[in-house]
Amino acid sequence: MNILCIGGGPAGLYFGLLMKLQDPAHRVVVVERNKPYDTFGWGVVLSDQTLENLAEADPPSARLIGDALNHWDDIEVFFKGRSVRSGGHGFCGIGRKHLLNILQDRCQAVGVELVFEQDVADDQALAAEYRADLVIASDGLNSRIRSRYSKVYQPDIDTRQCRFVWLGTHKTFDAFTFAFEQTEHGWFQAHAYKFDDKTSTFIVETPQPVWDAHGIGNMEQAEAVAFCERLFARYLDGHRLINNATHLRGSANWIRFPRVMCKTWVHHVDLSHGRVPVVLMGDAAHTAHFSIGSGTKLALEDAIDLANAFGESKGAADRDAVLQHYEDRRSVEVLKIQNAARNSTEWFENVSRYTGMQIEQFAYSLLTRSQRISHENLRLRDAAWVGGFEQWMARHQPAPGGQDSPLAAPDATGAPALPPMLLPLQLRGARLKNRIVVSPMATYSAVDGVVQDFHLVHLGARALGGAALVMVEMTSPTPEGRITPGCTGLWNDAQQAGLARIVDFVHGQSTALIGLQLGHSGPKGSTQLGWEAIDEPLPDAGANWPLLAASAVPYGPRNQTPAAMTAQDMEHMREAFVASTRRALEAGFDWLELHCAHGYLLASFISPLTNRRTDAYGGQGREGLENRCRFPLEVFRAMRAAWPEDKPMSVRISAHDWVAGGTDADDAVQIARLFKQAGCDLIDVSSGQTTRDAQPVYGRMYQTPFADRIRNEAGIRTMAVGAITQADQVNSIIAAGRADLCAIARPHLADPAWTLHETAALQSPRVDWPRQYLPGRDQLYREAGKLQQAGGAGNAVADADAQARAQGF
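A. Fine view of the overall build of the chain. A count of helices and strands for the chain gives 28 helices and 29 strands. For the chain, the spread of C-alpha atoms along the three principal axes comes to 85 × 65 × 55 Å. Scored against the burial criterion, the 809 residues of the chain give a buried share of 61%. Here the chain holds 78 positive side-chain charges and 92 negative ones, and the gap between their average locations is 2 Å.

Set out below in structure tokens:
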């Protein structure tokens, strides 16, 4: 083939090299607008895994790159006059200029044609000139080619909230360094790392409002560099900061990071010599925030993937299939990195959210910010540091805002290095033995709202399985508030007696607490059982019951239109919730939760998508949020007044509707503040299901960032829920202060003893436990023995043995 790479960065050079190595008969031309030794970057970071990929793809250039690398294992975090250092992270740095020169020399050695100082204004004319069979658009972040064919590539460019500048310094850091400094206007952070024997990259970043407040936009470059030198002087040891972007004027070297993603990566153009594919690669196709150091990695791995695909193909006839497979594979891999990068980006955009933390938890939150690095992954990197952090967590058990919790013993010596998920939690008079909650899950197995033997076994087994709190599924205060005919209710004595039987079992046979979630289905009621046509009306039209909602907005085209609630309806509904609250107390529940999520009755008031009211209970936009929350808050306050002061109450909310014009994370923080003011102890943070148009972005722990934001901005405890499946994930969430509890749903359906099994599977050595923890050892065996006697878990005692060994009992 005749291959034309437009853009001589890492992607274009490396792809050209690999294709020439694959078949010397290829004519490969790389066209670059700059001179051979020009570069406006500093150092780039490569992971050990990327280096392995390079060594497999082209050993000679990999050796040269390896010889030039500066390796380091440690990350050091400076914050509020203190520092924390952890090891085992495995980074490598190399000057961008040096990397490009190595690739340029290697390309020339194997016969790749390099053309410098040619600014490509018309890719089609150049492709025609070289009679290209394949054009690689590796022309970088501001790709002209991507812009020219934007209707095909459909780029989505999200310009982020911080301003940052790439600088250098001759201060050589021996660890990847994060330094945080507070000014009168807000926080700045520096990302610094050594990339050769005498030079380090030094990136300075701050939110746009802080940048504006300091007037940096009006400064000349030298003035802005001097400002940064003064701000970070304590880390520079007298060295200067260096700017190599003097070709730019004023503050143009301070940019906001553009996250680029494209719907398609391949476009075909018809030229005089045939139909030619134009393929995006590297930053032209995608970007990932510098805080996870993956831009160069992604570019090189794009090149490796496409070259390998051509090597495995059947020739030119297979070209279109090769390109489609490249797009399919790489777009998925890039999306994984971009999701992690998004989490990392948002962390740095919102540093002030975490500055109430002590440095120990602040550093842990930073290290795990992407949600790709977990608790046990950190342990593999630096077991001593994680063990020390676990001891610190056990002593302090920090609450939102960084303050020690009521169970803290900061001066205690010999505190056990507990997994964070096993730390107890005190809320009002309720003491939870660990941080695991069995999430309320609809089981559609009640009869006339009355729980059955199924519910006793279902909930009882999970209470014996090690969780601290077992939540009964959403239970309606009225017959018409059920989702389906199989849903539970609490409006009569028979229902109360059935629930009391379960409560008595849980209290008598386990150390778990048990809670009840009260909620009314609203516009999503009168539907079929979950294993039938979920969310659809009952097939027998005569069996359907009338629905209520904030406004007459049906949930779907086949659902009946609910009646908009009148003042009298609202008064009766408040009374019904209060009556059920009193019944829940008489039944013996330890915890009460109000369901204000998922498009049900109270959620229909909160979301502007379903609340079209024009009275005091409605209003659009953020300015209408408090009005839309008015009725849910009235219900909550009435329930709180009827619920004992020493028993906790939580509220489940949808933190995001996942639909344009619906509630979002900003709204969620304000909703949480309103319920906190009303006496709520914890926000159970879910999302979506408000309308059928919702398009959630699913992934591991995908709702946890909402819980994190609410906890650390609204200053209220939170429960994370959604795609949390492993103890390792729970430990990371609790340790980083992203939530205080984790609700586990589907895993508990598959394994009632999920908490016991996950704890045993950690297999982490533990120190001897103090006397106050010894009852926990005995409880493991009691609960395991009861499971075995009931025939519910044949290996329960063996599992308890394993768990006891893992915990140092």
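B. Unusual backbone geometry, seen in detail. A positive phi is found at Lys80, a non-glycine position, where the angle reads about 55°. Looking at the element boundaries, Lys80 is found in the loop between β5 (75-79) and β6 (82-86). Phi angles above zero are rare outside glycine, and Asp237 is one such case at about 50°. By secondary structure assignment, the location of Asp237 is in the loop between α10 (233-236) and β14 (241-242).

C. Summary view of the environment of Ser526. Note that Ser526 resides in the loop between β22 (513-518) and β23 (548-549). The sequence separation of Ser526 and Ile483 amounts to 43 residues, and the corresponding C-alpha distance is 5.7 Å. Beyond its immediate stretch of four places on either side in the chain, Ser526 contacts Arg482, Ile483, Glu536, Pro537, Leu538, Asn544, Trp545, Leu547 and Gln560. A distance of 2.7 Å separates a polar atom in the side chain of Ser526 from a polar atom in the side chain of Asn544.

D. Spatial organisation of the sheet that holds strand β16 (residues 266-271). Spatially, β8-β2-β1-β9-β17-β16 is the arrangement adopted by the six strands of the open sheet, whose pairing is mixed. Lying at the two open borders of the sheet, with one neighbouring strand each, are β8 (113-115) and β16. Averaged over all pairs of adjacent strands, the angle between their axes in this sheet comes to 20°, without regard to strand direction. Taken together, the six bridges between β16 and strand β17 (residues 274-280) define a ladder with antiparallel strand orientation.

E. Representation of the side chain of Arg717. In this structure, Arg717 sits in strand β28 (residues 717-721). For Arg717, the side chain forms a polar contact with the side chain of Asp740, separated by 2.6 Å. In contact with Arg717, not counting residues within four places along its chain, are Ala399, Pro400, Ser405, Leu425, Leu427, Asp681, Leu682, Ile683, Arg711 and Asp740.

F. The arrangement of the pattern of salt bridges in detail. Enumeration according to the criterion identifies 43 salt bridges in this entry. A salt bridge links Asp681 to Arg640, with the nearest nitrogen and oxygen atoms 3.4 Å apart. In this pair, Asp681 is assigned in the loop between α22 (665-677) and β27 (682-686) and Arg640 in helix α21 (residues 630-642), connecting sequence segments 41 residues apart. On the basis of relative accessibility, which here comes to 9%, the residue Arg640 falls in the buried class. Residues Arg709 and Glu713 are paired through a salt bridge, measuring 3.1 Å at the closest nitrogen-oxygen approach. Of this pair, Arg709 and Glu713 both sit in helix α23 (residues 704-714), four residues apart, roughly one helical turn. Judged by relative accessible area, which is 28%, Glu713 ranks as partly exposed. The structure contains a network of salt bridges with shared partners spanning Arg353, Arg622, Asp664, Asp666, Asp667, Arg709 and Glu713.

G. Geometry of the pairing of strand β13 (residues 199-207). Burial of β13 is extensive: nine of the nine residues sit out of reach of the surface. The alternating pattern of β13 places Thr199, Thr201, Ile203, Glu205 and Pro207 on one face and Ser200, Phe202, Val204 and Thr206 on the opposite face, and all of these are buried. As judged from the eight bridges shared by strand β10 (residues 155-169) and β13, these two strands associate in the antiparallel manner. Note that in β13 the partner of Phe164 across the bridge is Glu205.

H. Local environment of the sheet that holds strand β7 (residues 91-95). Across the sheet, which stays open at both edges, the three strands sit in the order β3-β7-β4 with antiparallel pairing between neighbours. At either margin of the open sheet sits one strand with a lone partner, and together these are β3 (43-47) and β4 (70-72). Neighbour-to-neighbour, the strand axes of this sheet turn through a mean angle of 30°, independent of strand direction. Here three bridges tie β4 to β7, and the two strands are oriented antiparallel to one another. Across the sheet, His71 pairs through a bridge with Cys92, a residue of β7. Sheet strands touched by helix α4 (residues 96-110): β3 and β7. Its angle to β7, the strand with the most contacts, is close to 75°.

I. Structural detail: the packing of aromatic side chains. All chains considered together, the criterion is met by 37 aromatic pairs. Judged by centre distance (6.4 Å) and plane angle (40°), the ring pair of Phe164 and Phe257 falls under tilted. Residue Phe164 is found in strand β10, and its partner Phe257 is found in strand β15 (residues 255-262); the two are separated by 93 residues along the sequence. Of the two residues examined, Phe164 and Phe257, each falls in the buried class. Aromatic side chains Phe180 and Phe362 sit 5.0 Å apart centroid to centroid with 85° between the ring planes, which places their arrangement in the edge-to-face category. On the criterion of sequence distance, the pair formed by Phe180 in strand β11 (residues 176-182) and Phe362 in helix α13 (residues 359-367) is long-range, its members being 182 residues apart.

Conventions and cut-offs
Residues numbered from 1 in each chain as written. Predicted model: local features only at pLDDT ≥ 70, side-chain atom pairs only at ≥ 80, totals over all residues. Heavy atoms only, no water. Helix = DSSP H or I, 4+ residues; strand = E, 2+ residues; numbered from the N terminus. Buried < 20%, exposed > 50% of the residue type's maximum accessible area, 1.4 Å probe, protein only. Lys, Arg positive; Asp, Glu negative; His and termini not counted. Charge placed at Lys NZ, Arg CZ, Asp CG, Glu CD. Contact = heavy atoms within 4.5 Å. Polar contact = N/O pair within 3.5 Å; in protein donor to acceptor, adjacent residues only side chain to side chain. Pairing = 2+ DSSP bridges. Axes fitted to C-alpha atoms, helices over the stretch in contact; angles between N-to-C directions. Salt bridge = Lys/Arg side-chain N within 4 Å of Asp/Glu carboxyl O. Phe/Tyr/Trp six-rings, centres within 6.5 Å; stacked < 30°, edge-to-face > 60°.

These values are about where atoms sit, not about what they do.
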